[in-house]
Amino acid sequence: MAAFSTKTFALVTLLGALAAPVCAQTAATPWELKPDTGYAYDKEGKTFSYKMGTSNAGELLKGAKKVPKGTLFFIGHNGQLYMRSGPYLEGDGKFKFGSDQ
């Protein structure tokens, strides 16, 4: 019985792993950014979040630029973070650059 349970568990896990990317591509989920938190993409391509204070907010805003609404962020095949302004949804609301399925 234990061997059957292990094989069953392994099969269910495998099927779940294969199905997860399909489910992830079908619906967009909100990207929730928090106030008083800084998000960084470092020189090695790693991402971090930092709790921010207000004592030097003026210095932080020097040289900062607003991100335009309608901006898409994505990681390319080379691991580089990119941003693209412009339409990324089809007329019916589907993601323009999604899978062909």
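Structure: see above.
Heads up: these notes are all about the structure in this document.

**Some details on the pairing of strand S3 (residues 71–75)**
Inference 1: Two strands pair when backbone bridges link them, and S3 and strand S4 (residues 81–85) are joined in this way by five bridges, in the antiparallel orientation. The residue of S4 that forms the bridge with Phe74 is Tyr82.
Inference 2: Counting the residues that bridge the hairpin from S3 to S4 gives five residues, and of these Gly79 lies at a positive phi of roughly 85 degrees.

**Remarks on the side chain of Thr71**
Inference 1: With respect to the helices, strands and loops of the structure, Thr71 is situated in strand S3.
Inference 2: Taking the relative accessible area as the measure of exposure, Thr71 reaches 13% and is therefore buried.
Inference 3: Polar side-chain contacts of Thr71 include one of 2.5 Å to the backbone oxygen of Pro68.

**Concerning the packing of aromatic side chains**
Inference 1: Taken as a whole and assessed by the stated rule, the structure comprises four aromatic pairs.
Inference 2: Here Trp31 and Phe73 contribute two aromatic rings whose centre-to-centre distance is 5.9 Å and whose plane-to-plane angle is 65 degrees, an arrangement assigned as edge-to-face. A residue pair is termed long-range when its members are at least 10 positions apart, and Trp31 in the loop between helix H1 (2–26) and strand S1 (37–41) and Phe73 in strand S3 qualify at 42 residues.
Inference 3: Seen from their ring centres, Phe95 and Phe97 are 5.9 Å apart, and the 75 degrees between their planes marks the pair as edge-to-face.

Parameters at a glance
- The written sequence of each chain sets the order in which its residues are numbered from 1.
- Per-residue local features are limited, in this predicted model, to residues with pLDDT of at least 70; the limit for side-chain atom pairs, both in listing and counting, is 80 or more; totals at the level of whole chains, interfaces and linings are taken over all residues.
- Excluding hydrogens and water, the side-chain figures rest on all heavy atoms present in the structure.
- Strand pairing is defined by DSSP finding a minimum of two bridges between the two strands.
- The numbering of helices and of strands both runs from the N terminus, where a helix is a DSSP run of H or I of at least 4 residues and a strand a run of E of at least 2.
- In this scheme, a residue with accessible area under 20% of its type's maximum is buried, one over 50% is exposed, and one in between is partly exposed, where area comes from a 1.4 Å probe on protein chains only.
- In protein, a polar contact requires one atom able to donate a hydrogen and another able to accept it; more generally it is a pair of N or O atoms within 3.5 Å, and residues adjacent in sequence count only if both atoms are side-chain atoms.
- Ring geometry is summarised as follows: Phe, Tyr and Trp rings, the Trp one being its six-membered ring, pair when their centres sit within 6.5 Å, and such pairs are stacked at plane angles under 30 degrees, edge-to-face over 60 and tilted between the two.

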